Amino acid sequence: MTTSNLYRKEKIYGFLFILAPLLGLIIFTLYPMLYSIYGSLTDWDGLGQMSFIGLSNFTDLFTDELFHKAVFNTLFMMLGIPIGITLALLLALGLNRGARGTTTFRVIYYVPVISSLAAVSIMWNWAYNGDYGLVNQFLDLFGISGPNWMANKYTVKPALIIMAVWKGLGYTMLLYLAALQSVSRTYYEAAELDGANGFQSFRHITWPMVRPVTFFIVVTNIIGGSQIFTEMNIMTPTGGPEYASASVVFYIWQKAFGSFQMGYASAMAVVLGAFIFVVTLIQFRMNEKSSFDVD
Amino acid sequence: MLKKKGWFTLLSLILTVSVVLAGCGGNNNNAAKSNTGNTGTTENTATKTDDSKETKELTFMYRGGTDEQAAYKKVVEKFEADHPNVKVKIIVTAADQYATKLKASITGKSIPDVFYFESGDLKAYVNSGVLLDLNSYIEANKDINLDNIWKYGVDLYRYDGTMAGQGNIYGMPKDVGPFALGYNKTMFEKAGIPLPDKDKPYTWDEFVKVAQQLTVDTTGDGKPDQYGTGFNVQWALQAFVWSNGADWIDSTKTKVTIDDPKFAEALQYMADLQNKYKVTPSTEQAQTLDTYQRWMKGEMAFFPVGPWDMSTYETLPFDYDLIPYPAGSTGKSATWTGSLGIGASAKTKYPEEAVALIDYLTASKEGMEALVKAKVQIPNLIDMATEWAADTSTKPANKEEFLQIVNDYGRVLPGHYTYNAEWYNLFFTDIQPVIDGKVTAADYVKSEQPKMQKLLDKAIEQEEKSKK
Amino acid sequence: MSHSRKRNLTSTIIFIVLLIGAVFMIGPLLWMLSTSLKDKQDVFALPPVWIPSPFNFGKYKEIWEAGPLLSGIKNSLIIALSVTVVGTFTSSLAAFAFAKLRFPGKNKIFLLMLSSLMIPYPAVMIPQFFIFSKLGWIDTLWPLIVPGLFGNIVMIFFLRQYLSSVPNAIIEAAKIDGSSYFRLYSSITFPLIKPAIAAQLILWFMGIWNDYLAPIIYLNSPEKQTLQLVIANFNATYAIQTDYPLIMAASIISLLPMLIIFLVFQKQIIESVAISGVKG
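Model, not experiment: these values are computed from the prediction.

A. Layout of the overall build of chain A. Scanning chain A from N- to C-terminus turns up 13 helices and zero strands. In sequence order, chain A lays out its α and β elements as α-α-α-α-α-α-α-α-α-α-α-α-α. Expressed as lengths along the three principal axes of its C-alpha atoms, the size of chain A is roughly 80 × 75 × 30 Å. Summarising the internal contacts of chain A: among those between residues at least 6 apart in sequence, 64% fall at separations of at least 24. For chain A, the accessible area works out to roughly 13000 Å², and carbon and sulfur atoms hold 67% of it. Positive and negative side-chain charges in chain A, numbering 16 and 16 respectively, have mean positions lying 9 Å apart.

B. Representation of a nonpolar patch on the surface. Where nonpolar side chains cluster on the molecular surface, the patch consists of A:Phe138, A:Leu141, A:Phe142, A:Ile144, C:Ile16, C:Ile20 and C:Phe24 and spans about 730 Å² of accessible area. Following the sequence through the fold, A:Ile144 ends up in the loop between helix 7 (134–140) and helix 8 (156–181). Overall, the relative accessible area of 43% leaves A:Ile144 in the partly exposed class.

C. Inspection of the packing of helix 3 (residues 69–100) of chain C against helix 11 (residues 227–238) of chain C at higher detail. Residues and elements named next belong to chain C. Taken N-terminus to C-terminus, the directions of helix 3 and helix 11 make an angle of 150°; their axes are 7 Å apart at the nearest point. One way to sum up the angle between helix 3 and helix 11 is to call them roughly antiparallel. Touching Leu-69, Gly-72, Ile-73 and Ser-76 of helix 3 are Leu-227, Val-230, Ile-231 and Phe-234, all from helix 11. Along the lines of polarity and charge, the residues of the contact of helix 3 with helix 11 split into six nonpolar, two polar and no charged.

D. Local environment of the pattern of salt bridges. The final tally for this structure, using the stated rule, is 28 salt bridges over all chains. We note a salt bridge from B:Glu353 to B:Lys56, for which the minimum N-O separation is 2.9 Å. Highlighted residues: B:Glu353 in helix 14 (residues 351–362) and B:Lys56 in strand 1 (residues 56–63), separated in sequence by 297 residues. Two residues, B:Glu461 and B:Lys465, come together in a salt bridge whose shortest N-O distance is 4.0 Å. Of this pair, B:Glu461 and B:Lys465 both sit in helix 20 (residues 441–467), four residues apart, which is roughly one turn of that helix. Linked by salt bridges that have partners in common, A:Glu10, C:Arg102, C:Glu172 and C:Lys175 make up one network.

E. Fine view of the domain arrangement of chain B. Residue and element names in this part refer to chain B. Domain parsing of chain B yields domain 1 (4–176 + 339–380) and domain 2 (180–337 + 417–467). Of the residues lining the interface, 17 residues belong to domain 1; the matching set on domain 2 comes to 13 residues. Roughly 1200 Å² is buried in total at the junction of domain 1 and domain 2, and carbon and sulfur atoms are behind 49% of that figure. For domain 1, the biggest contributors to the area lost against domain 2 are Lys-123, Asn-127 and Lys-375; these three give 39% of the whole. On inspection of domain 1 and its partner domain 2, the count reaches two salt bridges. One salt bridge connects Lys-375 with Glu-314, and the closest N-O pair in it is separated by 3.4 Å. Linking domain 1 to domain 2 there are six residue pairs in polar contact (both at pLDDT 80 or more). Counting residues per element, the ones that place at least two in the side of domain 1 that touches domain 2 are helix 2 (66–82) and helix 4 (122–127). For the side of domain 1 that touches domain 2, the element with the most residues is helix 4, which contributes three residues. Here the side of domain 1 that touches domain 2 is composed, by residue class, of seven nonpolar, six polar and four charged.

F. Quick peek at the side chain of C:Thr189. All names here are of chain C. Considering the arrangement of structural elements, one finds Thr-189 in helix 9 (residues 181–209). Taking the relative accessible area as the measure of exposure, Thr-189 reaches 1% and is therefore buried. With residues up to four places along the chain from it excluded, the contact list for Thr-189 reads Phe-96, Leu-163, Ile-171 and Leu-184.

G. Geometry of the pairing of strand 9 (residues 320–323) of chain B. All names here are of chain B. Neither face of strand 9 is exposed, since Tyr-320 and Leu-322 on one face and Asp-321 and Ile-323 on the opposite face are all buried. Summarising the sheet, strand 7 (residues 180–184) and strand 9 pair through four bridges and their orientation is antiparallel. When the bridges of strand 9 are listed, Asn-184 appears paired with Tyr-320.

H. Local environment of the UniProt feature "transmembrane region" (unreviewed entry) in chain A. All names here are of chain A. According to UniProt, the positions carrying the feature "transmembrane region" (unreviewed entry) are residues 12–34, 70–95, 107–127, 159–179, 209–229 and 262–282. Annotated as 100% helix and 0% strand, the span residues 12–34 places its first and last C-alpha atoms 29 Å apart. Summarising residues 209–229: 81% helix, 0% strand, and an end-to-end C-alpha distance of 33 Å.

I. The arrangement of the pairing of strand 10 (residues 335–344) of chain B in detail. Residue and element names in this part refer to chain B. Across the 10 residues that make up strand 10, a large majority, 10, are buried. Alignment of strand 3 (residues 114–117) against strand 10, held across four bridges, turns out to be antiparallel. Across the sheet, Tyr-116 pairs through a bridge with Ile-342, a residue of strand 10. Looking at chain direction, strand 6 (residues 172–178) and strand 10 are connected through six bridges and run antiparallel. Pairing of Asp-175 across the sheet is with Leu-340, part of strand 10. In the sheet, strand 10 pairs with strand 11 (residues 410–411) via two bridges, with the strands oriented parallel. By the bridge assignment for strand 11, Trp-336 is matched with Arg-411.

J. Here's a closer look at the sheet that holds strand 9 of chain B. All names here are of chain B. Pairing is antiparallel across the open sheet formed by three strands, whose spatial order is 8-7-9. The open sheet has two edge strands with one neighbour each: strand 8 (302–305) and strand 9. Averaged over all adjacent pairs, the angle separating strand axes in this sheet is 40°, with direction ignored.

K. Highlighting helix 3 (residues 65–77) of chain A. Residue and element names in this part refer to chain A. Over its 13 residues, helix 3 runs 18 Å from end to end, which matches the ideal 18 Å to within 8%, given 1.5 Å per residue. Every buried residue of helix 3 is listed here: Leu-66, Phe-67, Ala-70, Asn-73, Thr-74 and Met-77. Down the axis of helix 3, the buried side of the element spans an arc of 125°, and every buried residue falls inside it. A side-chain oxygen of the first residue of helix 3 lies 2.9 Å from the backbone nitrogen of Leu-66; this N-cap is Asp-64.

What counts, and at which threshold
- Residues numbered from 1 in each chain as written.
- Chains lettered and ligands numbered in written order.
- Predicted model: local features only at pLDDT ≥ 70, side-chain atom pairs only at ≥ 80, totals over all residues.
- Heavy atoms only, no water.
- Helix = DSSP H or I, 4+ residues; strand = E, 2+ residues; numbered from the N terminus.
- Contact = heavy atoms within 4.5 Å.
- Areas by Shrake-Rupley, 256 points an atom, 1.4 Å probe, with all protein chains shown as cover.
- Lys, Arg positive; Asp, Glu negative; His and termini not counted.
- Charge placed at Lys NZ, Arg CZ, Asp CG, Glu CD.
- Patch = residues over 30% accessible without salt bridge, like charges linked within 9 Å, V, L, I, M, F, W, Y side chains within 5 Å.
- Salt bridge = Lys/Arg side-chain N within 4 Å of Asp/Glu carboxyl O.
- Buried < 20%, exposed > 50% of the residue type's maximum accessible area, 1.4 Å probe, protein only.
- Axes fitted to C-alpha atoms, helices over the stretch in contact; angles between N-to-C directions.
- Parallel < 35°, antiparallel > 145°, perpendicular 65-115°, else oblique.
- Nonpolar A, V, L, I, M, F, W, Y, C, P; charged D, E, K, R; others polar.
- Domains from an automatic or database assignment.
- Buried area = accessible area lost by both parts, 1.4 Å probe.
- Polar contact = N/O pair within 3.5 Å; in protein donor to acceptor, adjacent residues only side chain to side chain.
- Pairing = 2+ DSSP bridges.
- UniProt positions renumbered as here; feature names shortened; annotations may be inferred.
- Expected span 1.5 Å × (residues − 1).
- Arc of directions from axis to C-beta.

This is the structure in structure tokens:
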């Protein structure tokens, strides 16, 4: 068998082996994406009508207050990201000191992560019950009478944030732990010899080492957070008091499947896609930069 | 590192199970296809016409609380017993989820054979060929006497291509739902206050006065624990607005009219019940225990009652009865009558059977008796309803009020008239600050009117397009 | 001396903080379990009871009648198993090709796939819905199964990374020996990356098991719904009757399989998750 013959065969098999994922990508992602963009330029109602209307879906978005609310709510709930990151980093630092029961703690903190979001939402919905919920009973121990969390427009978003932090904490902590464990002990020992205090060695050794993973966490959290849906669908099926807990995907879903406005919903989907695209692009850029820094 | 043996066992286990289950899955899907097959194209049984031995399966999609779900399930079972060759597959959801479920089925072209729909969606469904025209079937059915069914209810589902309310019938009312006002009779008697007149409505001032008398602090902790009332603005405001001579939309159904001062006055009155007269729990208090629960615990003098509440209220620890809503400047009481339609898919394989099921649920004596017995609705049949209302031995005694609302002063909710109800829903999305007294009603209606008008214009535009 | 005492003190404090944190993490879940074992009325007891007496296991019997829980489990299993098993095969095959075979445009195609990860599901769900509606697949499990059969790009990415640590020489030698390309994959590559595949498979399985948005769009009939939809419906239906023990019992059942898988494979799962962050 000659080399060129071998190569020709390899070429064919190479294509053959990647055929399935490539087809899947084209059929279920690229084509629908283009179709979404096209649909966003029409008055598509899902029942048969689909005529071109230019950019008017997008201009309507500028004046649609419910959309603004949904965007605001979605962004507001991302406040949970810095909270979760801070807590997770502290926990990981604690665990990394080799405290007793590290493995057990790791497992316990990770249980909410593997629990289904639907079940967890149901549980928290009950925990936020104004009278008999776990949260208010806990607050009661300190003499605080808590609100009916899910029915109050000021507390519904914080309530969802607390739940999101609780659910995601284990995952973030785990990523930090892995990053911390890759930091050689000798750095710290050297720093200690130089008389650095705890904060200084955190600033100059730990933080630079965990910065890339922090960045990864922030970006994946933003991407995930911008698609938040299940929680509100289960906990506030009508979008919450004064639409205070409706997210962008919730609104897209309502418009597309609840009021025959596929074109308008597609326009929102395109905006969401563009947002995530930009965020990911920034990540790539920054990653490139930070790796140059390290080199 | 990894225990290789464990992984291997797991993988082979997964593979075995998946092969077995995949087998099940295949069967499952095949069965489902031949059962539903709404599109009619996936089937090659089209040539196999009415073989009487063939089982015809209908899907019936509806919604409701648990009592209502159970009641309808039972009636459907009775229907199956009467029609041995028809099998009904039930898809039932909670009320909040129904609209998206149904609409996703419609856009996904897997329309259930028989389903509930809101009268407000009638035009959209007819224009896009979703609903079956029931006219010829109903005329052919000798057992149905349309004159014996609430005209209000049937007319909601008539459409002639331009105007709703006239023309062919595309759905039958599942029920008519008069939204009456109830009062806690036991509380009145205990307080020694004369019972409200069932024929002469309170004026707004009188209503406040009575409510104030019944708002009391029984435990002496400085906070009332019994209240005059506690309305949910979304369902009670209509009664006040209409009886004050105002409305959400004008008679041409093209202009939002909430900036009418009489409208603002009614809205302000509702807000004042909480903030000025303090006869309702504050928003905070209502959040810890909502007004519905307070009413059921006997801590509230007045509360709305719909027919669907009767089964739940059966076990209330006090006696209650119905009265008309307090009357505003027109001197007349007003409220709304809700309804849901039951329609059939235009693409159903078994139109005859689908319509038979609709008739059974909405217009047959047997079906109606079972539903009324379950206390989830008032009878659709006028003669049955009259008899039912005359029986004052069951709670509530003044069932007659329900019938008066249906026959006489009940109106349809404003969203019904337009292609969609988004403009109307927006009104209630932002209303809480008014109820909390942070924004005056006058300011609110002024700022909200243009936003609602914009959505209404959009709905009108959408309707025009769908007709083409 | 004082130095090590200080150390000891700090680690004790850290331990206590971690312990309190653990209580917060696991507390709600224990409370869920406790609620599921209560009587309907005891749920409203004030102050709350943590350990119901007696344990009432009745709800765990009732749930099977109260909703299509069993078929929910079955449907979730069908979807998750068929997708992960077939999808893992297609993904690992592609990863092998990307890592070890030479063909033109390879890197461009791989980059294209990677960049498609930027497209979120909500951005494509509406057209996807119409594709499947044209096929008459609404209210069947197919829309949830078929896309996954074509493979999972995240998995391809990680397996490709993992394969880069496998020396090319092994493959090249086998090529010269004239073994077929599929054999190169099945009897040489696959055994080498089995641990990585298994870890990815479990993560994917969990993802599908817990998915909610796609099922809620496609499934209507009760007997077609996945477990997550079934318990969400339990919540929507029985919360009005305040039958919380019933809802919690059903939710516990839905959590259990993942919990067991996690506890059994926790080491591998945690390791592969940790890797994903470092490599990503």
